[in-house]
Amino acid sequence: MNKIPFNIPPYVGTELEYVRQAVESHKICGDGPFTKKCDHWMEERFGAPCVLLTTSGTTALEMAALLCGLEKGDEVILPSFTFSSTATSVVLTGATPVFVDIRPDTMNIDENKIEAAITDRTKAIVAVHYAGVSCEMDAIMEIARKHGLKVIEDAAQGVMASYKGRALGTIGDFGCYSFHETKNYSMGEGGALVLRHKEDIEPAEILREKGTDRARFFRGQVDKYTWVEYGSSYLPSDMNAAYLWAQLLEADRINENRLATWHAYNEAFAPLAAQGRFELPVIPEACVHNAHMYYIKLRDLRDRTAFIDYLKRCGVNSVFHYVPLHSSPAGRRFGRFSGEDVYTTRESDRLTRLPLYYGMTKEDRDRVIDAVLSFAREG
Ligand SMILES: *Cc1c(COP(=O)(O)O)cnc(C)c1O
């Protein structure tokens, strides 16, 4: 019996043709034709003044943190239930991550617990859209406005998802996407930074281009380019952008395919949820999600361990995440938790993810469903 993997990187079939074009045009460094195509496609589709491809979701978050002007002594509010990059980008600037509890329904930061964590050193809030389901952005933007804070959206999982009709990543001051091979659209390693304010475009270009005004030079705005500010290299190769371009052209098809698997899972498990055996993802009315993941919540850690073992015996790879950052070695060293951890640890202990990827066959999907249902029958 073949094993069902947890993830297969998206592949639509035209990637190599575009990569070949990039190679043969001898334009393979950053900001080449395919990078520009991807940037403009996202600007149009998501309604953002500027999108810049980056080398990863992590570096998009780093750019956002640097563009917020974060410094040593500043504090940034974020959930503890997230990937390490959400916090490392803050730590890079010398600022302190301040972790706030999540909501048990969406696993997103609890917007009602943010204000209690604000001090006179707070500079920004990072809203992580877990599983491509939006945080309560109206409430978060209102808190930020009231206290003069920046908002960074960690929309690594939120490409093609929306909140009240607005694309995730375009609501806060900065948005960060990931095109890692585990995400809905991929270029191997890669990401993008979304800018909402025109005045951030030039500083972002300089930061991304090793601190030079090279972008201004190419637009003919200066007659030579030079080192003007701190910067790094956050441009992906155009070969990687060519790979992503193939997938953006098929973005709707990829999205619909993932959603079909998601809904098949959700319908199959609904009776078990009604009986209280499992908890299933909650999608608030304001949110349109992108089927980034399908997760199930078991009773507790023991139940989850038994579930994962059972599925493994059925040839199904189910994985859990995250170890809450505030209880990780680096999280303890660099950050602190504000308020009480009511849900973060408890809910993360019971969550596990089922295989979900573009092109998953109906047979494989049904085998996952059968394994989950037979686990429930047995215990
Ligand atoms: C994947 C992910 C990242 C990091 O993106 P990379 O492209 O892998 O660097 C950051 N935050 C969250 C929530 C993610 O899921």
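Here the structure is a predicted model, which is why all the values come from computation and not from measurement.

The rules behind the values
Residues numbered from 1 in each chain as written. Predicted model: local features only at pLDDT ≥ 70, side-chain atom pairs only at ≥ 80, totals over all residues. Heavy atoms only, no water. Near = heavy atom within 4 Å. Polar contact = N/O pair within 3.5 Å; in protein donor to acceptor, adjacent residues only side chain to side chain. Areas by Shrake-Rupley, 256 points an atom, 1.4 Å probe, with all protein chains shown as cover. Helix = DSSP H or I, 4+ residues; strand = E, 2+ residues; numbered from the N terminus. Pairing = 2+ DSSP bridges. Contact = heavy atoms within 4.5 Å. Axes fitted to C-alpha atoms, helices over the stretch in contact; angles between N-to-C directions. Salt bridge = Lys/Arg side-chain N within 4 Å of Asp/Glu carboxyl O. Buried < 20%, exposed > 50% of the residue type's maximum accessible area, 1.4 Å probe, protein only.

1. Quick look at the site of the ligand
In the vicinity of the ligand there are 17 residues, among which Gly57, Thr58, Asp154, Ser178 and Lys183 approach most closely. Contacts to the ligand include Ser178, whose side-chain N or O atom sits 2.7 Å from an oxygen atom. A distance of 3.2 Å separates an oxygen atom of the ligand from a polar side-chain atom of Lys183. With the chains in place, 93% of the 380 Å² that the ligand exposes on its own is no longer accessible. It is helix H3 (residues 57–67) that provides the largest number of residues to the shell around the ligand, a total of three residues.

2. Looking at the sheet that holds strand E5 (residues 150–154)
On the basis of which strands lie adjacent, the open sheet formed by eight strands has the order E1-E9-E8-E5-E4-E2-E3-E12 and mixed pairing. One side of each edge strand has no neighbouring strand; the edge strands of this open sheet are strand E1 (50–54) and strand E12 (336–337). With three bridges joining them, strand E2 (residues 75–79) and strand E4 (residues 122–128) adopt parallel strand pairing. Each bridged residue has a counterpart across the sheet, and for Val76 the counterpart in E4 is Ala124. Against the sheet, H3 touches E1, E5, strand E8 (174–178) and strand E9 (191–195), its axis set at about 165° to E8. Packing against the sheet, helix H4 (residues 84–92) makes contact with E2, strand E3 (96–100), E4 and E5, and its axis sits at approximately 145° to E3.

3. Section: the pattern of salt bridges
Pairs can form between side chains of opposite charge once their charged atoms are near each other. Under the definition given, this model contains 23 salt bridges. With a shortest N-O distance of 3.1 Å, Glu279 and Arg350 are connected by a salt bridge. Of this pair, Glu279 sits in the loop between helix H9 (251–274) and strand E10 (287–288) while Arg350 sits in helix H12 (residues 344–350), and the two are 71 residues apart along the sequence. Looking at Arg350, the relative accessible area reads 10%, which means it is buried. With a shortest N-O distance of 2.7 Å, Glu347 and Lys297 are connected by a salt bridge. Here Lys297 lies in strand E11 (residues 294–297) and Glu347 lies in helix H12, a separation of 50 residues in the sequence. You'll find Glu347 and Lys297 in the same group, each marked buried.

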